[in-house]
Amino acid sequence: MRHANQAPIVLALFVLTQALDGALTYWGVTRFGIGIESNAYLVNLMEAIGTGPALLAAKTLAVGCGVILFSTTSFRVLAVATGWCLGFAVVPWLVLFTAFSNV
């Protein structure tokens with residue numbers, strides 16, 4: 001439990017990355033269409049219930065899973081999930097956003 005004092009920061013960063021991913025995904029699919037999303041499950045959910053509700057449900061589920069990891073002291077797993085989300089979800093959206101923000 002040597003990482004326990006840093007765990008709340010990791011949880012906060014996880015929640016922040018989920019929020020950023022949700023907002024950037026919403027921007028991306030409303031600008032370029034649902035086809036730009038690479039997660040087939042999320043695409044199917046968006047088609048079934050709409051973009052906003054699907055993203056809200058997916059990000060709520062993700063944050064809930066993060067809270068479970070936090071509460072079970074799975075801090076390293078939570079840190080890895082945070083890094084994964086940042087690197088494979090937030091950063092690509094930010095690159096796309098930056099590329100098209102001047103157009």
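Before reading on, note that the structure itself is shown above.
The structure displayed is predicted, hence computed values, not measured ones. (Residues numbered from 1 in each chain as written. Predicted model: local features only at pLDDT ≥ 70, side-chain atom pairs only at ≥ 80, totals over all residues. Heavy atoms only, no water.)

With that settled, the discussion passes to the environment of F14. Looking at the secondary structure, you find F14 in helix α1 (residues 7-32). The class of F14 is buried, set by a relative accessible area of 6%. Each C-alpha atom of the pair F14 and I68 lies 12 Å from the other, and the pair is 54 residues apart in sequence. In this structure F14 touches A62, V63, G66, L78, A81 and T82, once residues within four positions along its chain are discounted. (Helix = DSSP H or I, 4+ residues; strand = E, 2+ residues; numbered from the N terminus. Buried < 20%, exposed > 50% of the residue type's maximum accessible area, 1.4 Å probe, protein only. Contact = heavy atoms within 4.5 Å.)

Nonpolar side chains collect at one region of the surface, where I9, L13, L16 and L20 lie side by side and expose about 360 Å² of accessible area between them. Of note, L13 is situated in helix α1. (Patch = residues over 30% accessible without salt bridge, like charges linked within 9 Å, V, L, I, M, F, W, Y side chains within 5 Å. Areas by Shrake-Rupley, 256 points an atom, 1.4 Å probe, with all protein chains shown as cover. Salt bridge = Lys/Arg side-chain N within 4 Å of Asp/Glu carboxyl O.)

Attention now goes to the pattern of salt bridges. Should the charged atoms of two oppositely charged side chains come close, the side chains can pair. This structure, assessed with the given rule, holds one salt bridge. Note that D21 and K59 form a salt bridge whose closest N and O atoms lie 2.6 Å from each other. One end of the pair, D21, is in helix α1; the other, K59, is in helix α3 (residues 51-71), with 38 residues separating them in the sequence.

With that out of the way, let us pick up the nonpolar core. In this structure, V29, L42, M46, A54 and L55 together form the largest nonpolar core, which totals five residues. At the level of secondary structure, the elements contributing two or more residues to this core comprise α2 (40-49) and α3. Sequence-distant contacts of M46, that is, excluding residues within four places in its chain, are made with T25, V29, I34, E37, T51, A54 and L55. (Core = buried A, V, L, I, M, F, W, Y, C linked by side-chain atoms within 4.5 Å.)

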